[in-house]
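# Architecture at a glance
Residues per chain are reported as follows:
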Number of protein chains: 4
Amino acid sequence: MLEKFRFLTAGESHGKCLMAIIEGLPSGLEIDLEFINSELKRRQQGYGRGGRMRIESDCVEITSGVRFGKTLGSPVTLVIYNKDFENWQKIMSSRAEDETDEKSFTAYRPGHADYAGSVKYNQKDLRNILERSSARKTAIEVAVGSVAKLLLKHYGISWSSDIIQIGDGKTEEEFHSEIDKAKEAGDTLGGKFQVCFNNLPVGLGSHVHWDRALDGKIAQAVMSIPAVKSVSFGSGEDAYKIPGSQFHDEMFLKDGKVNRKTNNAGGVEGGMTNGEALVVKAVMKPIPTLKKSLNTVDSSNMTETTAHFERSDTCAVEACSVVAEARIACVLANEMMLNFPCDYI
Amino acid sequence: MLEKFRFLTAGESHGKCLMAIIEGLPSGLEIDLEFINSELKRRQQGYGRGGRMRIESDCVEITSGVRFGKTLGSPVTLVIYNKDFENWQKIMSSRAEDETDEKSFTAYRPGHADYAGSVKYNQKDLRNILERSSARKTAIEVAVGSVAKLLLKHYGISWSSDIIQIGDGKTEEEFHSEIDKAKEAGDTLGGKFQVCFNNLPVGLGSHVHWDRALDGKIAQAVMSIPAVKSVSFGSGEDAYKIPGSQFHDEMFLKDGKVNRKTNNAGGVEGGMTNGEALVVKAVMKPIPTLKKSLNTVDSSNMTETTAHFERSDTCAVEACSVVAEARIACVLANEMMLNFPCDYI
Amino acid sequence: MLEKFRFLTAGESHGKCLMAIIEGLPSGLEIDLEFINSELKRRQQGYGRGGRMRIESDCVEITSGVRFGKTLGSPVTLVIYNKDFENWQKIMSSRAEDETDEKSFTAYRPGHADYAGSVKYNQKDLRNILERSSARKTAIEVAVGSVAKLLLKHYGISWSSDIIQIGDGKTEEEFHSEIDKAKEAGDTLGGKFQVCFNNLPVGLGSHVHWDRALDGKIAQAVMSIPAVKSVSFGSGEDAYKIPGSQFHDEMFLKDGKVNRKTNNAGGVEGGMTNGEALVVKAVMKPIPTLKKSLNTVDSSNMTETTAHFERSDTCAVEACSVVAEARIACVLANEMMLNFPCDYI
Amino acid sequence: MLEKFRFLTAGESHGKCLMAIIEGLPSGLEIDLEFINSELKRRQQGYGRGGRMRIESDCVEITSGVRFGKTLGSPVTLVIYNKDFENWQKIMSSRAEDETDEKSFTAYRPGHADYAGSVKYNQKDLRNILERSSARKTAIEVAVGSVAKLLLKHYGISWSSDIIQIGDGKTEEEFHSEIDKAKEAGDTLGGKFQVCFNNLPVGLGSHVHWDRALDGKIAQAVMSIPAVKSVSFGSGEDAYKIPGSQFHDEMFLKDGKVNRKTNNAGGVEGGMTNGEALVVKAVMKPIPTLKKSLNTVDSSNMTETTAHFERSDTCAVEACSVVAEARIACVLANEMMLNFPCDYI
């Protein structure tokens, strides 16, 4: 849990709604609802997304902590109602008397939380794990990240993200053709993307204790996104083969201030922002739900079988980058609040 | 701060000693001092280390929390005395009257914490940042990790680490020749290494909330090691170009239990251990202190100059892997204590 | 934030609803909705409560984390809708265009959060502080505490609470007459109450580090209840005048087990439960909103005036004791989960 | 663990030393060693203290985080060596081969951590609990609190403490005679004391979430002091019998600013400092080690017997108030750093 920008999220994939409570915000922060909804929309886009995306059109409702457009300083609650809940009301009912086998499944899906989760939580119906492990919960995380972004905007901080590679493709056209090929084969693809934050003050994070290093906190925030399997800063992923004389970002003077010509460090040195653009790269694994089935085990009778699947996407790298922006924004908002006084805007 | 296996470290590079307090251990855990010292020795080894390593021979003293060879359940204090302190006693004195310019420097070293740290902490003498940002502090972190390993051993958990690549070299012989070449050129090299933990129970971590995901916690622990710039799990770094039908680790039966033939996931699915080996890879950047100098800025008069350097190593990847083992062991010990009752062994 | 039983609450007094997210529960815990609602009802009762209580009849809705009557192990969301919201929708609107002066006030109410809160959060309209500082938010805290109680029940733990004194009254009849007298005079009364928890295992908490002491955690949970100004354990409040030979609870044998005849310690020794009943006493100050007005300052023009008031209660000690039970239950549920880790019931 | 002013303490009563690591301090804070040592001396004084106090004369050594009299911003380590360690070196040895029965005991001492601690940590020799549960560890807590006080001084905050009552005595002369009487009878006494902090800014703490209330945090810090059994604010302990019209501190104007004539609230309203003196009262129970013995159980053979005792004090209320000052100072320093973030002084 972050120290000042504290939040908890909740909600199952086919439950009534997704919710989040954010505690620790200053008062007086203007909450731009349109901005938050536009971020939710970005998360639902991207070439390679499947049918579900067209059904859902997420929008957020704020039920506490905001009055006349500004935060009060009290906890802010965000709610995203699942438009599809009607069809799942019985299946996801909280009442004991509604118990049903409908939509239950017992064949572990490789690459998902099914196996580990059912062992940990002692569950027979794997839906009981799927419902919370689904990437659906990242929708409310994007809403929370949008609020963090509103705070960062107030400090003049900006951001952007880009897809670097999907399959063998390195340009937008190649991304599309790689995705088309995968879709036809009933397969899925992951990808590598990059998120940048600009105009951060120097010195966020710290070198004095391992758990205060900013790159560590950001690595946790990004690696824990469902499907992310690799995180690096700047040219970090290649740093094993670049000699020191070429890797480290030399310092020069420009207008009397420290200036650099390269940014292999990705904006972090000694666990702190160094004034250069913060550059975070991540790799998302291919979505583990494919039309092409995978060999697995059916837990109900311990026999070999093939994996169950829900209607799904072929590639969701763009959405993943939106979630990564949101997660990093939360970490940065927390650091800003730790470093700069902030009971009110 | 981890929830149950709590610890704080302290100590400057040339200070009197490095210390750590570990709070939260169960009672009755046998503390094998020889094992801890052997871990400290491992950290000081590796082809490519410089002169300093031959001066220091670290060993730990336990000053609390252990009686007659076993933990009491009270906080354990570990101390590593700096054998070189005599020569630095005046320079690192805590007394105001001993203030001196000796060993001070003002030219920022690129790749180090100097610049960001001096801005954050308002320091003119960059030694005031160097002394704590130095990788020297990882010695006591390795001692702490050794205690964590003793707890993991108790649960039958084991580990290993290997260097995967240094420069263009992929075998031990090639590592040595790459390092020799760099040393001759007055340059430095980083490298890529891998750490594995075996026999972990299924279900450490959780899928239910982002900050309980085990891969996230491990990513923070490893990325925050000085010089680490990239972290991934299993085949994660390549996951952007491997289709789903090939990436996900299918499940089969063997002796009536779930069994896998591949481990691209690196032992983590849905933020939880899945019973396979936990495989963490990391990239260490080349050491930022080179004989070959780098362009920089002198903060005392804001002029362009070249970077100061202390006697240093050419390559410290092996040491970095020992530190990574230690950091991951701490995270895992914490998870074991969160998941299994443990006031006493 | 408690380590395992984590929760955040949200919601303004006259907002749309009160909400809480509880994260960290094991799966398989039966959630008895009737029990939770009966606890909410207890909170609304008590001789001396005013009109508002008859308007509100709180009941909770669970929107996540529970399926077919049992927890999934994922975050549980509790919602209590404010039945009066219709009348406040415009006044408490989150939209900038709805800004209004209606129901605003600027005269600080002594004994409330108004003054300190408006300085901290830079607010002119003191309603912006009142809405979150109101004891209304304890309704959702009682709901959260009820879930904690369900977990404690599972472990065979039970509880009770009693009022010890109100004004000069020490019996129920005297409580009522003291309250009647105060009501007639347009005044308010506080009171002293006691909460007991029985059948706790020995050793919850710890003596090894100050912040793990159970009495400390409970003291924080109870003292932070709006209007509580004193907390003690057992005969603690009188311990300054009782000699050691009479205060300490001697140990004897009964059926081969340790047995005590007194419980001045209130069930806690050395920061840990000792097997005796946990006895916590607290003093609630008189409600700071009286028909009889108090001298104060109007912040809008810095002139002396008298305090604004909302329709209010004369005495709310019984409700306060219900909130105290809930808060202590949360701390104890957290301790049980720390000491007897359970991912599933 | 406090959020910004983080610290861990360690050390057994008869171990080599007591130690603490404080992490999170700003750089540039002048560390006045004499002041810290004078605080340690205060803790050792007080009418009614026994022989041990004359043996120990505590003084602190700083081994990290301070250079030339000022903090670096890195973790600060404080060490207090136990002057008596020579006599206990074998008995408290960390080596398995030194195991001995010397100084061991098995009869639970009522009022101490012995019973609960031995059950929790599965210990036969109760010394293994005594050594850490002893109030000896409060010496290093006072040292940590002194550092916190140095930070508070920087903000112009001041403090004081007084004994209010011991036994039936309410003046210093009566304190002494009560203590003399108890000593003669081989008995012990506790007492009630008060700690005040002045010139705190308005708004430390918060009303928005239960765990951010300042009175809650202070209650935890004080209640967890060994032997404290009751904590209250201002006139809180009597608030159950004072009507609202008399309890709440009315507000007036003086020199154009808010001014009060009473301070029943003890300086906290709505969980926040309100500008008045922070007044915390606490009750310490009589020391549980008496010459007069108490009935108890011998755990080695489960028979009834009488309690073991070490040479001890008759009354330690003054020392307890020094520890309370220290604990509260830590909480306040943490709040100041949360509200007025400062990386450097």
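Residues numbered from 1 in each chain as written. Chains lettered and ligands numbered in written order. Predicted model: local features only at pLDDT ≥ 70, side-chain atom pairs only at ≥ 80, totals over all residues. Heavy atoms only, no water.

## A word on the overall build of chain A
Along chain A, the regular secondary structure elements total nine helices and 16 strands. Computed over the C-alpha atoms, the radius of gyration of chain A is 22 Å, within 12% of the 20 Å expected from 2.2 N^0.38 for a compact globule of 345 residues. Viewed in the frame of its principal axes, chain A has a C-alpha envelope of about 70 × 50 × 40 Å. Taken over 345 residues, chain A has a buried fraction of 67%. Sequence-distant contacts in chain A: of pairs separated by 6 or more residues, those separated by 24 or more amount to 71%. (Helix = DSSP H or I, 4+ residues; strand = E, 2+ residues; numbered from the N terminus. Rg over C-alpha atoms; globule rule 2.2 N^0.38 Å. Buried < 20%, exposed > 50% of the residue type's maximum accessible area, 1.4 Å probe, protein only. Contact = heavy atoms within 4.5 Å.)

## Remarks on the nonpolar core
Of all hydrophobic cores here, the largest spans 150 residues; its most connected members are F5 and F197 of chain A together with F5 and F197 of chain B. Beyond its immediate chain neighbours, meaning those up to four positions away, F197 of chain B contacts L152, I157, S158, W159, A277, L278, E325, I328, A329 and L332 of chain B. Among the nonpolar cores identified, the runner-up in size contains 148 residues, and L78, I80, A326 and L332 of chain D belong to it. (Core = buried A, V, L, I, M, F, W, Y, C linked by side-chain atoms within 4.5 Å.)

## With respect to the sheet that holds strand β7 (residues 158-165) of chain B
Strand order in the open sheet made by the eight strands is β7(A)-β8(A)-β14(A)-β9(A)-β9(B)-β14(B)-β8(B)-β7(B), with antiparallel pairing throughout. The open sheet terminates on both sides in strands that have one partner only, identified here as β7 (158-165) of chain A together with β7 of chain B. Neighbour-to-neighbour, the strand axes of the sheet open up by a mean angle of 20 degrees, direction not taken into account. Bridge count between strand β9 (residues 228-233) of chain A and strand β14 (residues 278-284) of chain A: five bridges; the pairing is antiparallel. For S232 of chain A, the partnering residue across the bridge sits in β14 of chain A and is K281 of chain A. Most of the contacts of helix α7 (residues 214-223) of chain A go to β9 of chain A, to which it runs at about 155 degrees, and overall it touches β9 and β14 of chain A together with β9 (228-233) of chain B. (Pairing = 2+ DSSP bridges. Axes fitted to C-alpha atoms, helices over the stretch in contact; angles between N-to-C directions.)

## Remarks on the interface of chain B and chain C
Listed as interface residues are 17 residues of chain B and, on the opposing side, 15 residues of chain C. In this assembly, chain B packs against chain C so that about 1300 Å² is buried in total across both faces, 46% of it on carbon and sulfur atoms. The three residues of chain B that bury the most area against chain C are V208, R212 and L338 of chain B, which together make up 29% of that side's buried surface. Counting across the chain B and chain C interface gives four salt bridges. The salt bridge involving R212 of chain B is made with E23 of chain C; its shortest N-O contact spans 2.7 Å. (Buried area = accessible area lost by both parts, 1.4 Å probe. Salt bridge = Lys/Arg side-chain N within 4 Å of Asp/Glu carboxyl O.)

## As for the interface of chain B and chain A
Taken together, the contacts link 100 residues of chain B with 100 residues of chain A. On the chain B side of the interface with chain A, the three residues burying the most area are W210, K229 and Y240 of chain B, jointly 12% of the side's total. Along the contact surface separating chain B from chain A lie zero salt bridges. At the junction of chain B and chain A, the tally comes to 41 residue pairs in polar contact (both at pLDDT 80 or more). Counting residues per element, the side of chain B that touches chain A draws most heavily on helix α7 (residues 214-223) of chain B, which supplies seven residues. Residue classes in the side of chain B that touches chain A are distributed as 45 nonpolar, 32 polar and 23 charged. Taken together, the three bridges between β9 of chain A and β9 of chain B define a ladder with antiparallel strand orientation. (Polar contact = N/O pair within 3.5 Å; in protein donor to acceptor, adjacent residues only side chain to side chain. Nonpolar A, V, L, I, M, F, W, Y, C, P; charged D, E, K, R; others polar.)

## Things to note about the side chain of H207 of chain B
Tracing the backbone through its elements, the reader meets H207 of chain B in the loop between β8 (191-198) and α7. Taking the relative accessible area as the measure of exposure, H207 of chain B reaches 6% and is therefore buried. Excluding its chain neighbours within four sequence positions, the residues that come into contact with H207 of chain B are A113, Y121, I129, R132, S133 and K137 of chain A together with G270 and M272 of chain B.

## Focus: the confidence of the model for chain A
Of all residues in chain A, 97% have pLDDT values of 70 or greater, and the mean over the chain is 95. Note on the complex model: pTM 0.98, ipTM 0.97. (pLDDT = per-residue confidence, 0-100.)

## Considerations on the relation of the copies chain B and chain A
Once chain B is rotated about the relating axis by 180 degrees and shifted along it by 0.0 Å, it coincides with chain A to within an RMSD of 0.0 Å. Both copies of the chain, as the preceding transformation shows, are related through a two-fold rotation axis. If distances are taken from each C-alpha of chain B to the rotation axis, the shortest is found for Q220 of chain B, at 2.4 Å. Of all interface residues in chain B, 100% are interface residues in chain A too; the two copies therefore contact each other through one and the same surface. (Least-squares fit on C-alpha atoms with pLDDT ≥ 70 in both.)

## Quick notes on the packing of helix α5 (residues 138-154) of chain B against helix α9 (residues 317-339) of chain B
All names here are of chain B. Two elements in contact, α5 and α9, have axes whose closest approach is 7 Å; the angle formed by their N-to-C orientations is 45 degrees. Taken together, the axis directions place α5 and α9 in an arrangement best described as oblique. Note on packing geometry: the crossing formed by α5 with α9 is left-handed. Between α5 and α9, the residues in contact are T138, E141, V142, V144, G145, A148, K149, L151 and L152 and V322, V323, E325, A326, R327, A329, C330, L332, A333, M336 and M337, respectively. Here the contact of α5 with α9 is built from residues that sort into 14 nonpolar, two polar and four charged. (Parallel < 35°, antiparallel > 145°, perpendicular 65-115°, else oblique. Left-handed = near helix turned anticlockwise from the far one by under 90°.)

## Regarding a negative patch on the surface
Residues and elements named next belong to chain A. Side chains of D168, E172, E173, E174 and E318 sit close together on the surface and give a patch of like negative charge. You can see E174 is positioned in helix α6 (residues 172-184). Taking the relative accessible area as the measure of exposure, E174 reaches 35% and is therefore partly exposed. (Patch = residues over 30% accessible without salt bridge, like charges linked within 9 Å, V, L, I, M, F, W, Y side chains within 5 Å. Areas by Shrake-Rupley, 256 points an atom, 1.4 Å probe, with all protein chains shown as cover. Lys, Arg positive; Asp, Glu negative; His and termini not counted. Charge placed at Lys NZ, Arg CZ, Asp CG, Glu CD.)

## Here's the deal with α7 of chain B
Extensive coverage of α7 of chain B is indicated by the burial of 10 of its 10 residues. Among all positions in α7 of chain B, only L214, D215, G216, K217, I218, A219, Q220, A221, V222 and M223 of chain B are buried.

## Here we look at the packing of aromatic side chains
Tallying each qualifying case throughout the model produces 20 aromatic pairs over all chains. Taken together, a centroid distance of 5.9 Å and an interplanar angle of 40 degrees make the contact between W159 of chain B and F197 of chain B tilted. You can see W159 of chain B sitting in strand β7 and its partner F197 of chain B sitting in strand β8, a full 38 residues away along the chain. Following the ring pairs from residue to residue traces out a cluster consisting of F5 and F7 of chain A together with W210 of chain B. Geometry around F252 of chain D places K261 of chain D over its ring, the cationic atom sitting 3.9 Å from the centre. (Phe/Tyr/Trp six-rings, centres within 6.5 Å; stacked < 30°, edge-to-face > 60°. Lys NZ or Arg CZ within 6 Å of the ring centre and 35° of its normal.)

## Considering the sheet that holds strand β7 (residues 158-165) of chain D
Read across the open sheet, the eight strands follow the order β7(C)-β8(C)-β14(C)-β9(C)-β9(D)-β14(D)-β8(D)-β7(D); overall the sheet is antiparallel. Edge positions in the sheet fall to β7 (158-165) of chain C together with β7 of chain D, since each of these pairs with one other strand and no more. Ignoring strand direction, the axes of neighbouring strands in this sheet form an average angle of 20 degrees.

## Concerning the environment of K16 of chain D
With respect to the helices and strands, K16 of chain D occurs in the loop between β1 (6-10) and β2 (17-23). Since its relative accessible area comes to 25%, K16 of chain D is described here as partly exposed. For the pair K16 of chain D and F85 of chain D, spaced 69 residues apart in sequence, the C-alpha separation works out to 5.6 Å. Beyond its immediate stretch of four places on either side in the chain, K16 of chain D contacts E61, T63 and Y81 of chain B together with Y81, N82 and F85 of chain D. A polar contact is formed between the side chain of K16 of chain D and the side chain of E61 of chain B, at a distance of 2.7 Å.

## Side note on the pattern of salt bridges
Tallied over the full model, the rule gives 95 salt bridges over all chains. Here D125 of chain D ties to R67 of chain B by a salt bridge, and the two come within 3.2 Å at their closest N and O atoms. With D125 of chain D in the loop between α3 (114-121) and α4 (127-133) and R67 of chain B in strand β4 (residues 66-67), this residue pair bridges two chains. For R67 of chain B, a relative accessible area of 5% translates into the label buried. Where salt bridges share partners, they join R6 and E23 of chain A together with D211 and R212 of chain D into one cluster.

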